[in-house]
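Coordinate inspection notes
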Amino acid sequence: MMIPVRCFTCGNVVAEHWEEFKARARDGDEDPEAVLDDLGVNRYCCRRMMVSHKDLVDVVSPYQ
Amino acid sequence: MAEEFDVEFIERGDRSARFLVRGLTPAFANGIRRAMIADVPTLSIDTVRFIENTSVMFDEMIALRLGLIPLTTPLDDFEVGETVTLALDVEGPATAYSGDIQSSVPEVQPADENVPIIELKQGQRLEFEADAVLDSGKTHAKHQGGVAVGYRHLQRVEVVGDAGEFEEQEPNILRGVIETEDGELVNADEFGNDLTQRYPGKEVEVHDVPGAFVFHVETDGSFSVDELVLRAIESLDLRAAELEEKVRV
């Protein structure tokens, strides 16, 4: 629903970088690989957290 | 174990560092690693009293997210088990961030300010009071101060001859930190983790240096790397002293 606060595998705080990643790589047209390198999300366990995430708050909010 | 340890930094930052320690036994190196993960306590939200939660997430889900947010921990001021009260009040449309959390103790603040807790729509509101407790990583992983703490042997690279003139050289992949013949410490990242990039046309041999360990330590922001390592060693020291005390005849 919301981005997990930490990486499942290593425990690094990934949510800190989510909004910038979303703005630059999802909504913007930058290369996700370059954005993650720039944000300092280096390990592939943390990178998959960002790459594979989908925000679902907008999807579930009408059914409250 | 009266000999001195020799510590040398390869990279040193506030939240991430890489350093070489000589004169360790493998058991002692692992002891330090384990102490960094499980024995150094950090503050983390443990109990949440919801006053209003009309967001799309259940109370429990929000409480779990809150627990994972790292809080800056002045270890000198707190004992294990002591609590700090925190509060948050955000009304939609807005996103509640970790930076919106108000703390009753100025030294205890969220270490990262941009962690989204929950996105609130029009008319939704999140208000709670929470208690952060100081505890160690043994109790719950959210209290771990160290993230991805590990070590490798230091590797010594020696040039033993030239590669065959007409042979196609294959990549010689290596990770960690190497020590060259001049005693220089080089992180393998610097030459693309490939020894043939650093020693083109040479035949090299790689050996682990006994008793030399390269630690890579990251923290979640609760405190600096220096603090984490020193506290871990202090906890080992205290336990060794306790053992000595208990088994004395």
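Residues numbered from 1 in each chain as written. Chains lettered and ligands numbered in written order. Predicted model: local features only at pLDDT ≥ 70, side-chain atom pairs only at ≥ 80, totals over all residues. Heavy atoms only, no water.

**Describing the domain arrangement of chain B**
Much of the literature gives interface size as the accessible area that the parts lose upon coming together. Residue and element names in this part refer to chain B. In terms of domains, chain B is made up of domain 1 (6-39 + 146-235) and domain 2 (42-137). Distance between the C-alpha centres of domain 1 and domain 2: 37 Å. With 10 residues of domain 1 in contact, the opposing surface of domain 2 contributes 11 residues. Both faces considered, domain 1 and domain 2 share a buried interface measuring about 770 Å² in area, 48% of it formed by carbon and sulfur atoms. (Domains from an automatic or database assignment. Contact = heavy atoms within 4.5 Å. Buried area = accessible area lost by both parts, 1.4 Å probe.)

**Points about the interface of chain A and chain B**
Contact with chain A, which involves 20 residues of that partner, is made by 26 residues of chain B. Of all residues in chain A, the largest losses of buried area upon contact with chain B belong to Met2(A), Arg6(A) and Glu16(A), amounting jointly to 32% of the total for that side. Taken together, chain A and chain B are joined by 3 salt bridges. Between Lys121(B) and Asp58(A) there is a salt bridge whose closest N-O contact spans 2.4 Å. At the junction of chain A and chain B, the tally comes to 7 residue pairs in polar contact (both at pLDDT 80 or more). With 3 residues, the single largest contributor to the side of chain A that touches chain B is helix H4 (residues 57-60) of chain A. (Salt bridge = Lys/Arg side-chain N within 4 Å of Asp/Glu carboxyl O. Polar contact = N/O pair within 3.5 Å; in protein donor to acceptor, adjacent residues only side chain to side chain. Helix = DSSP H or I, 4+ residues; strand = E, 2+ residues; numbered from the N terminus.)

**Here we look at unusual backbone geometry**
For residues besides glycine, phi is generally negative; the peptide bonds are generally trans as well. Residues and elements named next belong to chain B. Following Gly92, the chain continues into Pro93 via a peptide bond in cis, with omega recorded as 0 degrees. The residue Ala148 is not glycine, and still its phi comes out positive at about 50 degrees. Within the secondary structure layout, Ala148 lies in strand S9 (residues 146-162). For Asn193, which is not glycine, the phi torsion reads 55 degrees and is therefore positive. Relative to the assigned elements, Asn193 resides in the loop between strand S11 (185-187) and helix H3 (195-198). With relative accessibility at 13%, the residue Asn193 sits in the buried group. (Buried < 20%, exposed > 50% of the residue type's maximum accessible area, 1.4 Å probe, protein only.)

**A word on the packing of helix H1 (residues 26-38) of chain B against helix H4 (residues 225-246) of chain B**
Residues and elements named next belong to chain B. Look at H1 against H4: their axes get within 8 Å of each other, and the N-to-C directions meet at 115 degrees. The orientation of H1 with respect to H4, classified from their angle, is roughly perpendicular. When the axes of H1 and H4 are compared, the crossing they make is right-handed. For the pair H1 and H4, contact is made by Phe28, Gly31, Ile32, Ala35 and Met36 and by Leu228, Val229, Ala232, Ile233, Ser235, Leu236 and Arg239, respectively. Across the contact of H1 with H4, the residue classes tally to 9 nonpolar, 2 polar and 1 charged. (Axes fitted to C-alpha atoms, helices over the stretch in contact; angles between N-to-C directions. Parallel < 35°, antiparallel > 145°, perpendicular 65-115°, else oblique. Left-handed = near helix turned anticlockwise from the far one by under 90°. Nonpolar A, V, L, I, M, F, W, Y, C, P; charged D, E, K, R; others polar.)

**Focus on helix H1 (residues 18-26) of chain A**
For an α-helix, 3.6 residues make a turn, and residues three or four places apart therefore share a direction. Of the residues making up H1(A), those classed as buried are Trp18(A), Phe21(A), Arg24(A) and Ala25(A). Summarising the axial view, the buried residues of H1(A) lie within an arc of 145 degrees, below the 170-degree limit, and thus occupy one face. Buried residues along H1(A) sit against helix H2 (32-39) and helix H3 (44-51) of chain A together with strand S7 (116-120) of chain B. (Arc of directions from axis to C-beta.)

**Looking at the nonpolar core**
Residues and elements named next belong to chain B. Judged by nonpolar contacts, the single largest core of 67 residues is most densely connected at Met36, Ile117, Ile118, Phe215 and Val217. Mapping this core onto the domain boundaries places at least three of its residues in each of domain 1 (6-39 + 146-235) and domain 2 (42-137). When neighbours within four sequence positions are excluded, Phe215 is seen to be in contact with Ala17, Arg18, Phe19, Val21, Leu24, Ala29, Ile32, Arg33, Met36, Gly150 and Tyr151. By size, the runner-up hydrophobic cluster in this structure holds 9 residues, among which are Val157, Ala188, Leu195 and Tyr199. (Core = buried A, V, L, I, M, F, W, Y, C linked by side-chain atoms within 4.5 Å.)

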